[in-house]
Amino acid sequence: MAIDSALPSPLGTPVCEKDAKALRFIEEMTRNADSVQERVLAEILSRNGETEYLRRFNLDGATDSDTFKSKVPVVTYEDLQPEIQRIANGDRSAILSSHPVSEFLTSSGTSAGERKLMPTIHEELDRRQLLFSLLMPVMNLYVPGLDKGKGLYFLFVKAETKTASGLLARPVLTSYYKSEKFKTRPYDPFNVYTSPDEAILCVDSFQSMYIQMLCGLIMREGVLRVGAVFASGLLRAIRFLQLNWKQLADDISAGTLNPNVTDPSIRKCMENILKPNPELAEFITKECSGEKWDGIITRIWPNTKYLDVIVTGAMAQYIPTLDHYSGGLPLACTMYASSECFFGLNMKPMCKPSEVSYTIMPNMGYFEFLPHDPNYPPLSPESPPRLVDLAHVQVGKQYELVVTTYAGLNRYRIGDILLVTGYYNSAPQFRFVKRKNVLLSIDSDKTDEAELQKGIDNASLLLKEFNASVIEYTSYADTTTIPGHYVIFWELLVKDAANSPSDEVLNQCCLVVEESLNSVYRQGRVADNSIGPLEIRVVKNGTFEELMDYAISRGASINQYKAPRCVSFTPILELLNGRVVSKHFSPAAPHWVPERRR
Ligand code: AMP
């Protein structure tokens, strides 16, 4: 094949002309990060400068960063809520964006218990697709031959809703998979999935998963990479196989399709894929019927070269389990993105998870960085720290990401804390440190301290009639179960031992906590099956004092000691688990419907 090698990429040798073009684009953007950023801001301000929002700050036509920064405030979602609500209610005037808002993207970050609504515009789809199109050209530099087989990716759409005025509200990937861009994508030998689009686009998570797994099994020899967006999603697929392999093997053996798969378009497309294959069914039965599931991924899909899943941030908790099922296959974290904006990619996708750094692509939006010192509380609002430009962040320092987007967010705090690890050309590279204020997370849920406290308060009301109360509590994301689940350790003060709360009441307490948590958590429990029933472990009296003694023995100050609201340190977990007197699980799924509560 004729490759434009006149300009070999410093990143490596591209395998085809399409890749060469993508790598050149990365070079061009990262070499000129500063000027690309100035251009992006100027473009955004020239089109959105006359919106109602920006007019408030009297930019007077200026499109330069100095004027922008001196006049436009840094904001959070709550600051923009009135504007967002007006758009949701049908006000079509140019409030945040001069381009019409095409839909809302529902973030997994919540505000007052509901998903945040991010306005987006049509052309953002192009920008997202552009970032997607850079991933394989980089991967092809490190893993040869990916055009010789397929990717088994577990990809899903989620329920969508409409706002009062009829604008669609759905997660960003649902928006992408349902777009013509995805559905009519040209054939690309480096990006062939085993999953038919009909299965990816089926909103019923059982049918979707069943077919994706079935196709993955049928095409097992040709699978070169296995993935999902997040690590939790891939583990859910393995769990699905554990629970459903018999039925899957029966279908493969007879060439018939499970009657629980009712979606007509799926049934139709499976007619061409599903043929009786008793030999394969026997193989699957042999591999799946045993007790040993370690290395199952490589046994069933022996040609897998890597797992393509995000294991940075909260997902790092799944690395040991993924290693167990895959026999330690490389874990590739390819991109960093959000509903607000797609940010960037990992230029060394085969590096160890602990070394993953994402390079923010300067063309995706205008980026600023709020210095974040993990050891000191934020400065007072009177003297806010100066925000730093993309091309001027310092290696070794942490920052909170602030974005300005074409869709109309201006100086918006995403809430992610990033550490600068180095530069690629003039574009900095970042390690994802954490999302601010997240205490517990199993899948895409993000539960903060206040939400958990509210759950405990509500559950405590059930204890009142027993003259009992919660003295202290802490929590833990237990990912040893699939799906993972929240565990709350609590110590009770029971004044009347003869009338202590029954098992049933304590089980009910679990459900009350769940009912109090945000809608992303409840959706994970109800619709996605990505989070297991919440557990309360009652610990012996005096346990939290022991915990304090332990912390003090390790240098904590007695005066300042507060029980941590979330724990993950093994010795502390061992201490708590050693004092458990009873365990209780939520007896039912909490309430969740796709519609928003407000
Ligand atoms: P959402 O808006 O629901 O798509 O969630 C976006 C958030 O997910 C980001 O702001 C991050 O907190 C997190 N996230 C996305 N990509 C990554 C990644 N590669 N590593 C760690 N966290 C990520």
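Rules and cut-offs
- Residues numbered from 1 in each chain as written.
- Predicted model: local features only at pLDDT ≥ 70, side-chain atom pairs only at ≥ 80, totals over all residues.
- Heavy atoms only, no water.
- Helix = DSSP H or I, 4+ residues; strand = E, 2+ residues; numbered from the N terminus.
- Rg over C-alpha atoms; globule rule 2.2 N^0.38 Å.
- Buried < 20%, exposed > 50% of the residue type's maximum accessible area, 1.4 Å probe, protein only.
- Contact = heavy atoms within 4.5 Å.
- Areas by Shrake-Rupley, 256 points an atom, 1.4 Å probe, with all protein chains shown as cover.
- Lys, Arg positive; Asp, Glu negative; His and termini not counted.
- Charge placed at Lys NZ, Arg CZ, Asp CG, Glu CD.
- Expected span 1.5 Å × (residues − 1).
- Near = heavy atom within 4 Å.
- Polar contact = N/O pair within 3.5 Å; in protein donor to acceptor, adjacent residues only side chain to side chain.
- Nonpolar A, V, L, I, M, F, W, Y, C, P; charged D, E, K, R; others polar.
- Phe/Tyr/Trp six-rings, centres within 6.5 Å; stacked < 30°, edge-to-face > 60°.

- The protein chain has the name Indole-3-acetic acid-amido synthetase GH3.1 in an unreviewed UniProt entry, where Citrus sinensis is given as its organism.

Structural notes on the overall build of the protein chain
Alright, step 1. On a plain count of helices and strands, the protein chain comes out with 20 helices and 20 strands.
Alright, step 2. For 598 residues, the compact-globule estimate of 2.2 N^0.38 gives 25 Å, and the protein chain sits close to it at 25 Å.
Alright, step 3. Principal-axis analysis of the C-alpha atoms places the extent of the protein chain at approximately 80 × 70 × 50 Å.
Alright, step 4. Across the 598 residues in the protein chain, those meeting the buried criterion constitute 54%.
Alright, step 5. Long-range pairs, those at least 24 residues apart, make up 68% of the contacts in the protein chain between residues at least 6 apart in sequence.
Alright, step 6. A total accessible area of about 25500 Å² is found for the protein chain, and carbon and sulfur atoms account for 52% of it.
Alright, step 7. Between the centroid of the 63 positive side chains of the protein chain and the centroid of its 71 negative side chains there is a distance of 2 Å.

Thoughts on helix α17 (residues 503-516)
Alright, step 1. Taking 1.5 Å per residue, 14 residues should reach 20 Å; α17 reaches 20 Å between its end C-alpha atoms and fits that length.
Alright, step 2. Within the span of α17, buried status applies to Val505, Leu506, Cys509, Cys510, Leu511, Val513, Glu514 and Ser516.
Alright, step 3. Contacts from the buried residues of α17 go to α16 (449-461), β18 (485-494), α18 (519-526), β19 (535-539) and β20 (580-585).

Digging into the site of the ligand
Alright, step 1. Surrounding the ligand, one finds 14 residues, the nearest of these being Ser108, Thr312, Met335, Ser339 and Asp416.
Alright, step 2. Ser108 has a polar side-chain atom sitting 2.5 Å from an oxygen atom of the ligand.
Alright, step 3. Separating a nitrogen atom of the ligand from a backbone N or O atom of Met335 is a distance of 2.9 Å.
Alright, step 4. Relative to its free-state accessible area of 490 Å², the ligand is covered by the protein chains to the extent of 89%.
Alright, step 5. When contributions to the shell around the ligand are tallied by element, the ones reaching two or more residues are β1 (101-111), β9 (335-337), β15 (412-424) and β16 (427-435).
Alright, step 6. Examining the composition of the shell around the ligand, we find that three residues originate from one element, β9, more than from any other.
Alright, step 7. Here the residues of the shell around the ligand are counted per class, giving seven nonpolar, five polar and two charged.

Concerning the packing of aromatic side chains
Alright, step 1. Tallied over the full model, the rule gives 18 aromatic pairs.
Alright, step 2. Taking 4.7 Å as the distance between ring centres and 35 degrees as the angle between the ring planes, the aromatic pair formed by Phe132 and Tyr176 counts as tilted. Taken as a pair, Phe132 in helix α6 (residues 124-142) and Tyr176 in helix α7 (residues 172-177) lie far apart in primary sequence, 44 residues in all.
Alright, step 3. Taking relative accessible area as the criterion, Phe132 reaches 21% and is therefore assigned partly exposed.
Alright, step 4. The interplanar angle of 35 degrees and the centroid separation of 5.6 Å between the aromatic rings of Phe206 and Tyr210 together place this pair among those described as tilted. Taken together, the residues span about one helical turn, with Phe206 and Tyr210 both in helix α10 (residues 205-218) at a distance of four residues.

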